[in-house]
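Observations on chain architecture
Listed here are the chains, written in short residue letters.
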Amino acid sequence: MAASRRHRPTVVIAGGGAAGSLVALHLVRSANRRSAAIDIVLVDPVDRWGRGVAFGTTHDHHLLNVPASGMSALPEDPGHFVAWRHRDDPDAQQPAYTFAPRKQFGRYLDDTLSEAVRSSLGETTLRHVRKPAAGIRRTATGAALITEDGCELPADAVVVATGLPAAGHAWAPESLVDSAFFVPDPWSPGALDVVRRARSGPADVLLVGAGLTMVDVALSLTGPGNRDDRVLHAVSRHGRLPEAHAPELQLAAIPDISDWGGTLTELRRDVAQHLEEVTRTAGDWRPAMDGLRFRISALWERLSESEREEFLADDAGAWNVMRHRMPPSSAAHLDVLRADGRLRLGTGRITSAEPLPDGGLRVGIRDGDEERFVEVGWVVNCTGPQADIRLLGNPLLDDLLRPRGGGALAVAATAGMGVRTEHGRIVDASGNADAPLWTLGALRRGELWESTAIPEIRTQALAVATAVLDTVAPLPRRLADGRLVSGHHPVARPRDPLGLPLSTTAEAAAVYNAGLERVMKVQSGGEELIREASQLDPDFALAHAALAMLGHEAGADADVKASLDAARRAVRKRGDDRERSLVDVVGLRVKDVRRTGAQALMAHISEHPRDVLAVSAAVPTIAFSGVTDVQQEAWDLVDGLAPAYGDHWWYISLLAFTRQDQSRFDEAGLLAESALSCEPSSGHAVHAQTHVLYETGQHETGRVWLDHWVTESGRSASHGAHFSWHAALHELALGDTEAVRRRYYSQLAPPTVCGVRSLIDAASLLWRWRVTTTDWDAAVASGLPERAGGAFTGEAAPPPVEPVLEALDRTLLGAPQTPFVALHSAIALAAAGDSQRLGELGVHCRRSRDNTVRTIVATVCDAMLAAVEARWAEAATLLADVLPVLVKVGGSAAQRDVIEETMLLCLVNAGDARQATSVLTARLDRRASPVDRRRLDSLAIRQPADASRV
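Here is a short report on the structure shown in this document. Please read these numbers as outputs of a predicted model, since none were measured by experiment. (Residues numbered from 1 in each chain as written. Predicted model: local features only at pLDDT ≥ 70, side-chain atom pairs only at ≥ 80, totals over all residues. Heavy atoms only, no water.)

Digging into the packing of helix H30 (residues 699-711) against helix H31 (residues 720-734)
With their axes 9 Å apart at the nearest point, H30 and H31 run at an angle of 155° to one another. With respect to each other, H30 and H31 are oriented roughly antiparallel. Every pair of crossing elements has a handedness; the one defined by H30 and H31 is left-handed. From H30, His699, Glu700, Gly702, Arg703, Leu706, Asp707, Trp709 and Val710 reach across to H31, where they touch Phe723, His726, Ala727, His730, Glu731, Ala733 and Leu734. In terms of residue class, the contact of H30 with H31 is made up of seven nonpolar, four polar and four charged. (Axes fitted to C-alpha atoms, helices over the stretch in contact; angles between N-to-C directions. Helix = DSSP H or I, 4+ residues; strand = E, 2+ residues; numbered from the N terminus. Parallel < 35°, antiparallel > 145°, perpendicular 65-115°, else oblique. Left-handed = near helix turned anticlockwise from the far one by under 90°. Contact = heavy atoms within 4.5 Å. Nonpolar A, V, L, I, M, F, W, Y, C, P; charged D, E, K, R; others polar.)

Have a look at this one:
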């Protein structure tokens, strides 16, 4: 039956501002992906959707208080708004870390929603009813929204997206409220025009409130078109302006709150300690506050109702000053106004307002026991939205809270800050969330506290859209995929974190899922939990296969052969198509059938794209193999998975790593930040961000940020050594070898790190340390330090590599199986100066069945051997030949950099200063490095004196 003839669900959205428009956007996009046909009705009296109070301003100086990089409407595409701005004005400078005009964001929402509707080709419709919503009632088939004129709009689901409440002025004395010179709501259309145009009466204006609303009003009432003699008097209870955003992007320092307290007193202590620690290490408190943003709903949930109310009374003011900051340009403007005496900030509360003979008001302000008076032309309410919705007099919200037969449709949340919900679905007076009513944004402040900024609202909007569609247009379920036969009766099967069915018991599935989630986060303990699941259910094929795969692909502690045999036995007893396919794939991978195994893995992913174990094996970010040695194939694979994962944090993390691999660093950074906002423990996202910071030369920022993550959200990371290696690279680039030494002995030296991780991270670091920090003059005079003394002096000498090699399995050094491990075996043997074993490794590589090992890695072995034997020119030539194809070996650009570092040292020792200068110049064009800058300066000084030898 055609879609137009089936029942088309109708979703009515009350509110056409940012929240309502974002819900509509995600309803359209999600319905299109599901091939579902729905009708959406947006109810709001405004002319255009997407504006609302926040983004309906026409003032160019009213800026977003979140950088453009954080304002995407699409969680899965954090650079979407930045890209739209480039398209909107290609000739303008549009950096990601900029604070765009709010009116521009309103146009962006309008354009994005309109384009989504056009792309639906009529399957999903969007209608704008320009009337105020006044009530809601339940119906036999759903609900109906009632407009102000009594018209009913029947719906299968209703979303209440009224946005920020209107301004409240309960603080104002009656004499002020009744005055024509009082502006109760500065955001009402034209409310400030009369103030700007006024030329008679007192020029001064009293602004009651000192938050972000006051900042916007101050910008509106100064500058062109305003009286030059005007002085703005801003008064609030505490007299504090919002803090300013940092002039440059800073990464959030997200704390691990697992051991934080559960009472307000304890949380005050823990938050203060977090702020202090981050300020000490990063030199700024802002990353600490930004990190708290990702934890605040969990902390808020720990507080009792009385503690929440105590927080609102005693702490909310200080929180808002630090959390809701103004753009740097707005702060600079206010600084000028204050310096010129045109903005005066004070404390107090308004006690009286008397009319002046020639217009204006004489306003009394009490501050403690003292009262002062100020004569002004106007008083503008800048206290912001009324927090308690019960005091608003909003007909729609009043109707939701109204007692009726069966009880009210909604109940107020903490302090009246919105309504109670279950993940956005409105809870009624009986405690049930079964009515087809949802809400988001400001109406969830009582249960989330932070719920009014676009980064929070867009995530809620997608969740609401998904929940609504699951209710009114659910996806069909294939019974064969979701049921397991027990005797003669089918029973529901447990599912993994991505919704795939598992052929096991509920108990084993729960443990397995906990382990899989740890693997997805790159946390330790995942394989132990999966092993426990296999013990709880010995016929759980997927658990056995997962152990075999983790042991083979990621070096996990597992008996690969035994686990694979157990998986094969179990899957013959019980397993679906996906599980049988994965067991077969693991078998081919373990058998080392490289091309066949890769093809089988790709085919499996094509059929089962949400199988995270398979995708992890195909595109590892911290491992030693993958599905292909062709980067483009891996990139295409990741991009092709987007429809299967949407905005899932694990996929966004993987995409972030792919983007940095493509040198799309701005986009990678935004993706990583987006993933971490959903899952602060995502090791893949942190790994991607770490590469971004290294490749863009942000070494001090990278070291501080990574150290904080490792000690907080990443304290359970399963590849701690690799993150330590990354931090050491930053320290080497900064020239801080003593910091590298401390890190090596505390975090990387055996027995702290052993096995293949020791080879990849510890041994390669020691070689990089040697070639990076060797005194070039001494190296020229005497060769590498292991072969002739003098290149290092005392404390500058790196630790010996021999203890690392002694802790390694000799087959790992002598007969490595993959190109990536073989490359690092060559590096380790070069660090030891072991010419004999380097030669033997070269012979092994040339006999390999793997073409990459046989050609590329064998050439690296020859080059390293030449370097160890001080045949500098030969070594430099061999390395120069291999560098363009080194990507086939695998690993990251940062890992492969050690080969270029080695070539640089060889060029210098070979006397080829010209080529060394060219290489260093290209590196510095790519990223900043104090060490490379010193090297280049050294070459520039010495080159004229002796062009043939440095």
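We are not done yet, so read on.
Some remarks on the nonpolar core
Residues Tyr744, Leu765, Trp767, Leu838, Cys845, Val860 and Ile899 are the most contacted members of the largest nonpolar core, which totals 75 residues. Counting residues per element, this core draws most heavily on helix H39 (residues 851-868), which supplies twelve residues. In terms of nonpolar packing, the next biggest core, distinct from the first, is built from 71 residues, Tyr512, Trp650, Leu655 and Ala672 among them. (Core = buried A, V, L, I, M, F, W, Y, C linked by side-chain atoms within 4.5 Å. Buried < 20%, exposed > 50% of the residue type's maximum accessible area, 1.4 Å probe, protein only.)

Focus on unusual backbone geometry
In this chain, Pro750 is followed by Pro751 through a cis amide linkage whose omega measures 5°. Structurally, the position occupied by Pro751 is in the loop between helix H32 (737-748) and helix H33 (755-773). Within the chain, Ser35 stands out as a residue other than glycine whose phi angle is a positive 60°. Owing to a relative accessible area of 60%, Ser35 belongs among the exposed residues under this scheme. A positive phi angle, near 65°, is found at Ala870, a position not held by glycine. Assessed through its relative accessible area of 37%, Ala870 is described here as partly exposed.

Some thoughts on the sheet that holds strand E13 (residues 361-367)
What the three strands build is an open sheet, ordered E12-E13-E14; its pairing is antiparallel. Edge strands, defined here as strands with exactly one partner in the open sheet, are strand E12 (349-355) and strand E14 (370-376). Averaged over all neighbouring strand pairs, the angle between strand axes comes to 25°, with direction disregarded. The pairing of E12 with E13 spans six bridges and is antiparallel. (Pairing = 2+ DSSP bridges.)

Digging into the side chain of Asp388
With respect to the secondary-structure elements, Asp388 resides in the loop between strand E15 (378-381) and helix H14 (395-401). There is a polar contact of 2.9 Å between the side chain of Asp388 and the side chain of Arg390. (Polar contact = N/O pair within 3.5 Å; in protein donor to acceptor, adjacent residues only side chain to side chain.)

A closer look at the packing of aromatic side chains
Considering all chains together, one arrives at 17 aromatic pairs under this definition. Look at Phe105 and Tyr108: their rings are 5.5 Å apart centre to centre, the planes differ by 45°, and that puts the pair in the tilted class. With Phe105 and Tyr108 both in helix H4 (residues 102-119) and three residues apart, the pair spans about one turn of that helix. As far as the burial class goes, Phe105 and Tyr108 line up, both buried. Between Trp171 and Phe182, the aromatic rings sit 5.9 Å apart at their centres with planes inclined by 85°, giving edge-to-face as the arrangement. Taken together, the residues Trp171 in the loop between strand E7 (157-160) and helix H5 (174-177) and Phe182 in strand E8 (residues 182-183) connect sequence positions eleven residues apart. Exposure remark for Trp171: the relative accessible area of 26% places this residue in the partly exposed category. Here a set of aromatic residues connected by ring pairs shows up, and it is made of Phe55, Phe81, Trp84, Phe105 and Tyr108. The residue whose ring lies beneath Arg362 is Phe373, and the NZ or CZ to ring-centre distance is 4.0 Å. The positively charged end of Arg610 is found above the aromatic ring belonging to Tyr645, 5.6 Å away from the centroid. (Phe/Tyr/Trp six-rings, centres within 6.5 Å; stacked < 30°, edge-to-face > 60°. Lys NZ or Arg CZ within 6 Å of the ring centre and 35° of its normal.)

All we've got here are geometric facts, nothing functional implied.
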